[in-house]
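# Overview (structure and organization)
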Amino acid sequence: QVQLVESGGGLVQPGGSLRLSCAASGSIFNIYALGWYRQAPGKQRELVAAITRGGSTNYADSVKGRFTVSKDNAKNTVYLQMNSLKPEDTAVYYCYADIALYTTRGDYWGQGTQVTVSS
């Protein structure tokens, strides 16, 4: 089994910064991709940022230039540095991982962490 444990959410003023972390644990053979999605009230879940095993990154247009996704392979951890936060960034942020175990491969999700941007 795989667990994704997120941390780092909270309340921040517009223009502020937050850093989210997500650590994967379990009988992991390989991690093909890691990323972050978010879901605001009344909206569909959307991709925020992702990073592949090789280090290629992909961002939603709405966060380009403000958010940075990175990973620590040794710790099986993905980070999301969020700068210049806006009220429209308010959402529950979910960590995502494409992980191969020794016998199977699948998508795994964290429990979600609330990010609220408000003055």
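Since the structure is predicted, the reported quantities are computational estimates derived from the model, not experimental observations. (Residues numbered from 1 in each chain as written. Predicted model: local features only at pLDDT ≥ 70, side-chain atom pairs only at ≥ 80, totals over all residues. Heavy atoms only, no water.)

### Observations concerning the pairing of strand β9 (residues 91-101)
Most of β9 is tucked away, with 10 of its 11 residues classed as buried. Both strand β4 (residues 28-39) and β9 contribute to a ladder of 10 bridges, which runs antiparallel. Across the sheet, residue I31 finds its bridge partner in β9, namely I99. Pairing of β9 with strand β11 (residues 113-117) involves three bridges; the strand directions are antiparallel. Note on β11: the bridge partner recorded for V92 is Q114. Linkage of β9 to strand β10 (residues 105-109), two consecutive antiparallel strands, is achieved through a turn of three residues. (Buried < 20%, exposed > 50% of the residue type's maximum accessible area, 1.4 Å probe, protein only. Helix = DSSP H or I, 4+ residues; strand = E, 2+ residues; numbered from the N terminus. Pairing = 2+ DSSP bridges.)

### A closer look at the sheet that holds strand β8 (residues 77-82)
Strand order in this open sheet of four strands is β1-β3-β8-β7, and the pairing throughout is antiparallel. Every interior strand has two partners, whereas the edge strands, β1 (2-7) and β7 (67-72), have only one. Strand-to-strand, the axes of this sheet are offset by a mean angle of 15°, without reference to chain direction. Bridge count between β7 and β8: six bridges; the pairing is antiparallel. Directly across from K71, in β8, lies its bridge partner V78. (Axes fitted to C-alpha atoms, helices over the stretch in contact; angles between N-to-C directions.)

### Regarding the packing of aromatic side chains
In total, this model carries four aromatic pairs according to the counting rule given. Each ring, one from Y37 and one from Y96, has its centre 5.8 Å from the other, and the planes form 70°; the classification is edge-to-face. Taken together, the residues Y37 in strand β4 and Y96 in strand β9 connect sequence positions 59 residues apart. On the accessibility criterion, Y37 (22% relative accessible area) is partly exposed. Judged by centre distance (5.2 Å) and plane angle (55°), the rings of Y96 and W109 are tilted. In this pair, Y96 is assigned in strand β9 and W109 in strand β10, connecting sequence segments 13 residues apart. On the basis of relative accessible area, W109 is assigned to the partly exposed category, the value being 38%. A connected cluster of aromatic rings, assembled from ring pairs, spans Y37, Y96 and W109. Taking NZ or CZ as reference, R45 lies 4.8 Å from the ring centre of W109, over its face. (Phe/Tyr/Trp six-rings, centres within 6.5 Å; stacked < 30°, edge-to-face > 60°. Lys NZ or Arg CZ within 6 Å of the ring centre and 35° of its normal.)

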